[in-house]
Amino acid sequence: MAALEAVLEHAEHLAVDAYIVIGDAVIGAPDSVACWERIAALKCPVLRGNHEGYLTSFGTPGAPAALSSPRFAPVAWAAGCFSDETRRALGALPLSLTLPEVPGVRFVHASLRSDRDNIDAYTTETGLAAMFPGLGEPSIVRGHDHNAATRLWGDVTLY
């Protein structure tokens, strides 16, 4: 929550026009519920990141077996903090978004295919095509990999 508030305070000083949350707003700390409530209060577009996906699928039939491993203990704890209704709402968040006021830009958490796709320097163009089928925008803004990078892929720029 402290990091989220710091980012929002900084954005306020910059007088940003709008917010877009591209996922992974929950599970990172014990205050996931407070983070989600703060983001929901912004009334801005929010995409589903892999953390929202983990929280949504935890304890459900067909959930990945890895979610019950010790590595995902924070997910189990957070799942108990959220209501079933909120978990369903998090699971219903979209994977991608375009906005008329930002033409030519597709926002995603990871890819159009999944909330967990990584893009590395060695990801092939064939791999990118599988992640972004039918893409019509020349720019993709994403955040899943947690590194600032720009990648050219044909006529598309990934940020």
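As a starting point, this report considers the structure included with it. (Residues numbered from 1 in each chain as written. Predicted model: local features only at pLDDT ≥ 70, side-chain atom pairs only at ≥ 80, totals over all residues. Heavy atoms only, no water.)

Focus on the environment of Thr-150
Reasoning step 1: Here Thr-150 shows up in the loop between strand 3 (139-141) and strand 4 (151-153).
Reasoning step 2: Taking the C-alpha atoms as reference, Thr-150 lies 15 Å from Ser-111; in sequence the two are 39 residues apart.
Reasoning step 3: Beyond its immediate sequence surroundings of up to four residues, Thr-150 is in contact with Thr-157, Leu-158 and Tyr-159. (Helix = DSSP H or I, 4+ residues; strand = E, 2+ residues; numbered from the N terminus. Contact = heavy atoms within 4.5 Å.)

Some details on unusual backbone geometry
Reasoning step 1: Within the chain, Asp-24 stands out as a residue other than glycine whose phi angle is a positive 60°.
Reasoning step 2: Residue placement: Asp-24 occurs in the loop between helix 1 (2-14) and helix 2 (32-42).
Reasoning step 3: Note on Asp-24: relative accessible area 19%, which makes it buried.
Reasoning step 4: Residue Lys-43 is not a glycine yet carries a positive backbone phi of 55°.
Reasoning step 5: Relative to the assigned elements, Lys-43 resides in the loop between helix 2 and helix 3 (50-57).
Reasoning step 6: On the basis of relative accessibility, which here comes to 74%, the residue Lys-43 falls in the exposed class. (Buried < 20%, exposed > 50% of the residue type's maximum accessible area, 1.4 Å probe, protein only.)

Interpretation in functional terms is not warranted from these geometric data alone.
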